[in-house]
Amino acid sequence: MTTYNFAYLDEQTKRMIRRAILKGIAVPGYQVPFASREMPMPYGWGTGGVQVTAACLTPEDTLKVIDQGADDTTNAVSIRRFFQRTAGVATTEATTEATVIQTRHRIPETPLTEGQILVYQVPIPEPLRFLEPRETETRKMHELEEYGLMHVKLYEDIARHGQIATAYAYPVKVEGRYVMDPSPIPKFDNPKLTANPAIQLFGAGREQRIYALPPYTEVVSLDFDDHPFTASKAAHDCDLCGARDSYLDEVITDDAGGRMFVCSDTDFCAGRRTKGHKGRLGADLVAPAPHPLPTRGEGGAQPVTVTHDAAAHTSPPPRGEGLGGSRLVSDLQTESQP
Amino acid sequence: MTLMQSMTATTQPLLKVEGLTKRYGPRIGCLDVSFDLYPSEVLGIVGESGSGKSTLLSCLAGHQRADVGRIAYDGRDVLGMSETERRRLGRTDWAYVHQNPRDGLRMGVSAGGNVGERLMAVGARHYGEIRGKAADWLGRVEIAEDRIDDRPSAFSGGMQQRLQIARNLVTQPRLVFMDEPTGGLDVSVQARLLDLLRGLVRDLGLSVIIVTHDLAVVRLLAHRLMVMKSGRVVEQGLTDQVLDDPQHAYTQLLVSSVLQV
């Protein structure tokens, strides 16, 4: 593929995107407009993230791509292969080895370090959009720091559900100034945004916005005095690696109510299992399973999917996203068998 | 506050307008309007469609920028303020009741959220207190408390207008702008709304500037009256005096045009 420029985009485009990124880093949380390009993938599949990644990559970089925490789902595999072909960079699944990590809707469980760049894919960058449809007005609200409306949304949550039911894309305030949509990460990940040693970049391709959090930025999740922010997750341990503090996916295993909970971060889970940690079903899955998991194409088996965001059944599905948060259990099986 | 202070406070005008002019290109919006509004006073502005009364109101409330003139609110120069300051004033000391409640309400947000929005905009961060105040204000505008989680789209026109009033008054403003608050309501609902408004204005000691073409409304609510025609103020004075003994030809026409039933 020598016909492509390094990392697909031409140098002038990358320069334009880098300018937007620098401006975003200079003004943390501020949405910088940029001239988003058509990418060879549909909107909603990470066109913004891909452009930011392309502008950041150097030939020496090691790239990791995750989709809802997993390295082996369609979106992650296709974007990783895209950059293998157009940039020829090394790729990895290990969070610690990567220098650039493009992510859809998760922050890796393994703490990030200085020198790493985390690139988020953002469907709708404007946190006030669903409350105030006018772009002119939301810009004015950011300009004048009129963020009362954001609390109206949280008020509505409590009035309707008895608690703040917003489980993903939970609004945050950056350095006491800009209210920012952290992209549809689960609110479990919100505490990882603040004081993070890595550079965090957010790219929204369709909406043509880039924003950024420089290392060690203060990020506060909005809440009420009598309804404080809580980072929620499913009340279980990982069934494969036994982790108690990682974000879990709920996997429906049969049509008789069978289910299991597994780490959404596949690299974290695999790492723990190689170190010998075992969950409730961790050993059984390697040995002949007494609780068999049906595979794709097996006669009479129901199609089995993994539902993401196990902690929040009340929340609506992720908005404006082309790719649903589901992966087949057969993928899981191959991954769990060494 | 000592008696002396409160006496000087009432003798100072709350809003002082001098030579306010707004043009739309070569056309006149309003021309050389001057008046003083004192605390707890209700000023009515009447006139036919296109007489500039709505332009005047939106210039006063800061929704449009006047070309010439001075507006002093409580001794502060309104037109010279930064937009941040003016919008803060708009959320705290001032309130604006739109003719169409859909313009002044958030239709996708529950009644409680609508009332609470201004509180949250000025920094209230305690859910229980916000909800308590919202419930209290819904009661004051005669909306049943169990409707607090209903959206305004489920309310009748009169209820929507009362909700808009509650939403505006919750931060206890001192100056309320009203643009035809009873327009589009049927007469019995109008009468109840006027009754409610009169009670609130008296109890809270609000200063109000009310724009309307309905002379019955100003007769009931307004202490003083300004009659506008072609962007100019043609007559002003005490409401009863202007309505019972109109001096200007246009005012005479306006008063005599009211249907007697």
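Structure first, text after, so check above.
Now for a look at the structure at hand. Not measured: the values here are computed from a predicted model.

### Some points on the environment of F224 of chain A
Note on placement: F224 of chain A falls in the loop between β10 (219-221) and β11 (248-252). Overall, F224 of chain A belongs to the buried group, its relative accessible area being 1%. Distance from F224 of chain A to E146 of chain A, taken between C-alpha atoms, is 17 Å for residues 78 residues apart in sequence. Once residues within four sequence positions are removed from consideration, F224 of chain A is found in contact with H151, L154, Y155 and I158 of chain A together with M120, R125, H126, Y127 and I130 of chain B.

### Things to note about the packing of aromatic side chains
Taken as a whole and assessed by the stated rule, the structure comprises 13 aromatic pairs over all chains. Judged by centre distance (4.9 Å) and plane angle (65°), the ring pair of Y170 of chain A and F229 of chain A falls under edge-to-face. Here Y170 of chain A is found in the loop between α5 (148-161) and β6 (172-174), whereas its partner F229 of chain A is found in the loop between β10 and β11, with 59 residues between them in sequence. With 4.8 Å between their ring centres and 5° between their planes, F202 of chain A and Y211 of chain A make a pair best called stacked. The exposure classification of F202 of chain A matches that of Y211 of chain A, with both residues buried. Through a chain of ring-to-ring contacts, three or more aromatic side chains come together here, namely Y4, Y8, F82 and F83 of chain A. Between the NZ or CZ atom of K229 of chain B and the centre of the ring of Y250 of chain B, over which it lies, the distance is 5.5 Å.

### Structural notes on the interface of chain A and chain B
Facing 20 residues of chain A, the contacting portion of chain B comprises 22 residues. Together, the buried faces of chain A and chain B total about 1900 Å²; carbon and sulfur atoms form 55% of this surface. Put simply, chain A and chain B have 5 salt bridges between them. Between E137 of chain A and R87 of chain B there is a salt bridge, with the nearest N and O atoms lying 3.1 Å from each other. Our count for the contact surface shared by chain A and chain B stands at 12 residue pairs in polar contact (both at pLDDT 80 or more). Sorting the residues of the side of chain A that touches chain B by element identifies α4 (135-143) and α5 of chain A as the ones contributing at least two each. Residue contributions to the side of chain A that touches chain B peak at 9 residues, all from α5 of chain A. Of the residues contributing to the side of chain A that touches chain B, the split by class is 8 nonpolar, 3 polar and 9 charged.

Conventions we followed
- Residues numbered from 1 in each chain as written.
- Chains lettered and ligands numbered in written order.
- Predicted model: local features only at pLDDT ≥ 70, side-chain atom pairs only at ≥ 80, totals over all residues.
- Heavy atoms only, no water.
- Helix = DSSP H or I, 4+ residues; strand = E, 2+ residues; numbered from the N terminus.
- Buried < 20%, exposed > 50% of the residue type's maximum accessible area, 1.4 Å probe, protein only.
- Contact = heavy atoms within 4.5 Å.
- Phe/Tyr/Trp six-rings, centres within 6.5 Å; stacked < 30°, edge-to-face > 60°.
- Lys NZ or Arg CZ within 6 Å of the ring centre and 35° of its normal.
- Buried area = accessible area lost by both parts, 1.4 Å probe.
- Salt bridge = Lys/Arg side-chain N within 4 Å of Asp/Glu carboxyl O.
- Polar contact = N/O pair within 3.5 Å; in protein donor to acceptor, adjacent residues only side chain to side chain.
- Nonpolar A, V, L, I, M, F, W, Y, C, P; charged D, E, K, R; others polar.

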